[in-house]
Amino acid sequence: MSVSVRIPTILRTYTGGASEVAGEGGTLREVLLKLDADYPGIGARILDESGKIRRFVNVYVGEEDVRFSDGLETSTPDGVQISVIPAVAGG
């Protein structure tokens, strides 16, 4: 399944400056694995050493925060947009 992945500014060095790239996979896990294969190193910035989404990274499939759905097993239907958003702290 073909999807689009929105890349935050901080990770665009991995995608040659592209703010959005094509992805493939039936689940978020599959899309992220393919993304890392296409853009080596980006996966380690999204997933931690145990393979879970990093604490300070939010990922949305469409409008849904995957932390409140099926996590990495969230379905990624054809044409959906995935957004990777680093958390912002401040005060």
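What you see is a predicted model; the values in this text were computed from it and never measured. Counting of residues starts from 1 at the beginning of each chain's written sequence and follows it residue by residue. Note on the predicted model: pLDDT of at least 70 is required for a residue's local features to be given, and 80 or more for side-chain atom pairs to be given and counted; whole-chain, interface and lining totals, by contrast, use all residues. To get the side-chain values, all heavy atoms of the structure are used, and hydrogens and water are removed first.

## Examining the environment of Gln 81
This is how the line gets drawn: The secondary structure listing takes helices from DSSP runs of H or I that are at least 4 residues long and strands from runs of E that are at least 2 residues long, numbered from the N terminus. Contact between two residues is taken to exist if any of their heavy atoms lie within 4.5 Å; hydrogens are not considered. As used in this structure description, the phrase polar contact means that two N or O atoms lie within 3.5 Å; if the pair is within protein, one of them must be able to donate a hydrogen and the other to accept it, and residues adjacent in sequence are counted only when both atoms belong to side chains.
Along the chain, the position of Gln 81 falls in strand 5 (residues 81-86). A C-alpha to C-alpha distance of 5.3 Å links Gln 81 and Gly 62, two positions 19 residues apart in sequence. Residues in contact with Gln 81, not counting those within four places in the same chain, are Ser 4, Arg 6, Glu 20, Tyr 60, Val 61 and Gly 62. In this structure the side chain of Gln 81 is engaged in a polar contact, spanning 3.2 Å, whose partner is the side chain of Glu 20.

## Section: the nonpolar core
Generally speaking, a soluble globular protein has its nonpolar side chains buried in company with each other. Short version of the rule: The term nonpolar core refers to a set of buried residues drawn from Ala, Val, Leu, Ile, Met, Phe, Trp, Tyr and Cys, joined through side-chain atoms within 4.5 Å. The classification of residues rests on relative accessible area computed with a 1.4 Å probe and restricted to protein chains. Under 20% of the type maximum is buried, over 50% is exposed, and intermediate values are partly exposed.
In this structure, Val 5, Leu 28, Ile 46, Ile 53, Val 59 and Ile 82 are the most contacted members of the largest nonpolar core, which totals 21 residues. Put simply, the parts of the chain that give this core at least two residues each are strand 1 (2-6), helix 1 (28-38), helix 2 (42-46), strand 3 (57-61) and strand 5. Excluding residues that lie within four positions of it along the chain, Val 59 makes contacts with Leu 28, Ile 46, Ile 53, Glu 64, Asp 65, Val 66, Ile 82 and Ser 83.

## Observations regarding helix 1
Put simply, the test is: Summarising the geometry, the arc corresponds to the directions from the helix axis toward the C-beta atoms.
For helix 1, the complete set of buried residues consists of Leu 28, Val 31, Leu 32 and Leu 35. Buried residues along helix 1 cover an arc of 95° about the axis, so they all sit on one side. Turned more than 90 degrees away from the buried face of helix 1, the exposed residues are Leu 33 and Ala 37. Those residues of helix 1 that are buried lie in contact with strand 1, strand 2 (20-24), helix 2, strand 3 and strand 5.

## Describing the side chain of Thr 74
Positionally, Thr 74 belongs in the loop between strand 4 (64-65) and strand 5. Here Ser 69 takes part through its side chain, which lies 3.2 Å from a polar atom of the side chain of Thr 74. In this structure, Thr 74 is in contact with Gly 26, Thr 27, Leu 28, Val 61, Val 66 and Ser 69, ignoring residues within four places of it in sequence.

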